[in-house]
Every structure is written in structure tokens, then in C-alpha cells.
Amino acid sequence: CSGLSYLAENGVEQWKLFNRSRPVEEILKSPNTTDETRKAIHLVREAKAFAVELGLKATANYESFVKLDGPCLLWAVSAADPIELKEKTWHFPVVGEVPYLGFFRKQSAEVEAKRIQTLHQPSADVWVRCVPAYSSLGWFADPLYSSMLRGKERDVVDLVIHESLHAT
């Protein structure tokens, strides 16, 4: 049942994000858009073109923009056995086995982290971390999130290429 509530919560939150997205062209034309955001959007376009030159799949990703309220798009929860240093994995249809769970709400991630720690004896090592981007693995045209535009230019380019690898 917790698996179903996890999928339902994430599905609703994903839908909300897609509904908040606006075409990049609209963002570029808006007088409320900062020069820093405009520059970053152009950098993302250049990085996408470079990724295609590298042989990665051309996608419709990053043609829309979502301004987030904070620095994180998701909160990822990873866990490992504290003695064997063996990572915990979760299994999902289509995606398969993954070494973390992603949550759109930090509180949900923290609740899951505590649940994992109490289920395992000795208590599992658990890490909750901020995630600025993710790929829908080609299922959707992923928006450009404001969280992706933080950091140095090379970090933005690295992130776009990394997510393009997932889409490929």
C-alpha cells in the first residue's frame, strides 16, 4: 500500500509541475525574467545542441520552464546496510531497479528515511539529498527547472548532458 501512495503522491506532484510550466519563448520575452535566467536558457540550448553533436538523442526537453520555490526539484532517499555497505534498491515496472526513491516533498522524503531506519536492524545508513533535475526517460518532454540553472556554466552543461544520456 505504501508503494501505491508513493506513486500516487509523485504522480500528482509531477502533474502540478507540468501544469506550472511555460514555454521557454514566453519566459525569454517576459520583462520579469532576469538576465541571468535568459543567459542560462540560452546556455541550455547550446548544451542540448552539443549533446546531439555527441550522438545523444535529440529531444523536446527544456522547451518549457518551471520556476520552483526552492533549490530542489526532488529529494532523493538512498539507504545502505551499515555493516555490509550494500545499497538498498527498489523495483518499479518499466524503470526496473533503482538505488533511491525520489520525493517532490522534503517532508515525505524524511518520513521515508525514518521508516527505512526503523525497519532495519542495525539501523540502515540513510541519506536524503537535494536533486536539481531528473529525466522522465523519454516518456515526457521534460521542462527546464529553475533548480537546474544554479551553479557555474559547466555545471549547467554537465547536467543537461547527463539528463540527455538518460533520455537516450
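What comes next is a walk through the structure. Because the structure is a prediction, the values reported are computed rather than measured.

Thresholds applied
Residues numbered from 1 in each chain as written. Predicted model: local features only at pLDDT ≥ 70, side-chain atom pairs only at ≥ 80, totals over all residues. Heavy atoms only, no water. Phe/Tyr/Trp six-rings, centres within 6.5 Å; stacked < 30°, edge-to-face > 60°. Helix = DSSP H or I, 4+ residues; strand = E, 2+ residues; numbered from the N terminus. Buried < 20%, exposed > 50% of the residue type's maximum accessible area, 1.4 Å probe, protein only. Lys NZ or Arg CZ within 6 Å of the ring centre and 35° of its normal. Patch = residues over 30% accessible without salt bridge, like charges linked within 9 Å, V, L, I, M, F, W, Y side chains within 5 Å. Areas by Shrake-Rupley, 256 points an atom, 1.4 Å probe, with all protein chains shown as cover. Salt bridge = Lys/Arg side-chain N within 4 Å of Asp/Glu carboxyl O.

### Considerations on the packing of aromatic side chains
Enumeration according to the criterion identifies five aromatic pairs in this entry. Taken together, a centroid distance of 6.4 Å and an interplanar angle of 20° make the contact between Y134 and Y145 stacked. Here Y145 lies in strand β8 (residues 144-145) and Y134 lies in the loop between β7 (125-131) and β8, a separation of eleven residues in the sequence. Judged by relative accessible area, Y134 falls into the buried class, the value being 17%. Through a chain of ring-to-ring contacts, the aromatic side chains of Y6, F92 and F103 assemble into a single cluster. Between the NZ or CZ atom of K106 and the centre of the ring of W75, over which it lies, the distance is 4.8 Å. Above the face of the W127 ring, R129 is positioned so that its terminal group lies 4.6 Å from the ring centre.

### Some details on a nonpolar patch on the surface
Taken together, the side chains of V94, V95, L137, W139 and F140 make up a nonpolar region of the molecular surface, amounting to roughly 550 Å² of accessible area. In this fold, L137 is placed in the loop between β7 and β8.

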